[in-house]
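Report on the structure
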Amino acid sequence: MPLVSLLRDTLGSLHKQLDHISVGDAEAVLSPLLDLAGAAINSQTSEGNAASVGHALSIAVRRYITDHLLEPDLTVERVMGAFGLSRRTVYRLLELVGGFSVFLAQQRLRRAFINLRAPEYRHVAIADLALAHGFTNAANFSRAFRREFGMSPRELRHLSAHHPALLKSAPGLSATDWSQWISLIGR
């Protein structure tokens, strides 16, 4: 029963976040959660709960992608099979985050960002990290990384080794912020 499974996964995810969720966020989640529970109990989606079910499904698909991010066989077909969805539905669910390929690439780049900052990965070649994060070409990885974060993987590694305090809030900074920080450090 897909709707029951979706409700179970949504409740499990919410349970993990209980220590970090504000009262306002909890109140905002309540109505869509009740809609999802109603759909699961009735074993069908109605016009009244379709938006809540779609939102929960979108989150579940994104969570699945994030959980399986570094697996080389992660494709849209695999996501379709895991959720019993059509290709069109997967693309529609991920439309707000740029689509399947964009979301997958961004998440892999963010994971690479974290690993490039980590001391335990300093000895790993950037080309090897790129390959481990789904990029078969190191130059393409570097270009995509620069587009996403405003600096090259090598620059990030240097910053994290020599100026770790600057990166405390990363990776949430815009490319402009990174460019400004790099120019300040170069002075």
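Residues numbered from 1 in each chain as written. Predicted model: local features only at pLDDT ≥ 70, side-chain atom pairs only at ≥ 80, totals over all residues. Heavy atoms only, no water.

This part covers the packing of aromatic side chains. Inspection of every chain in the model, using the stated rule, returns 6 aromatic pairs. On the basis of an interplanar angle of 80° and a centroid distance of 5.6 Å, the ring pair of Tyr64 and Phe83 is categorised as edge-to-face. Of the two residues, Tyr64 sits in helix H3 (residues 50–67) while Phe83 sits in helix H4 (residues 76–83), which places them 19 residues apart along the sequence. Taking 4.8 Å as the distance between ring centres and 55° as the angle between the ring planes, the aromatic pair formed by Phe145 and Phe149 counts as tilted. Here Phe145 and its partner Phe149 are both found in helix H8 (residues 138–149), 4 residues apart, which amounts to about one turn of the helix. Both residues of the pair, Phe145 and Phe149, count as buried. Three or more aromatic residues joined by ring pairs make a cluster, and in this case those are Phe113, Phe135, Phe141, Phe145 and Phe149. (Phe/Tyr/Trp six-rings, centres within 6.5 Å; stacked < 30°, edge-to-face > 60°. Helix = DSSP H or I, 4+ residues; strand = E, 2+ residues; numbered from the N terminus. Buried < 20%, exposed > 50% of the residue type's maximum accessible area, 1.4 Å probe, protein only.)

Mapped onto the elements of the fold, Ile65 is located in helix H3. Once the C-alpha coordinates of Ile65 and Phe103 are considered, the two residues, 38 residues apart in sequence, prove to be 8.8 Å apart. Not counting residues within four places of it along the chain, the set of residues in contact with Ile65 comprises Leu74, Val79, Leu94, Phe100, Phe103 and Leu104. (Contact = heavy atoms within 4.5 Å.)

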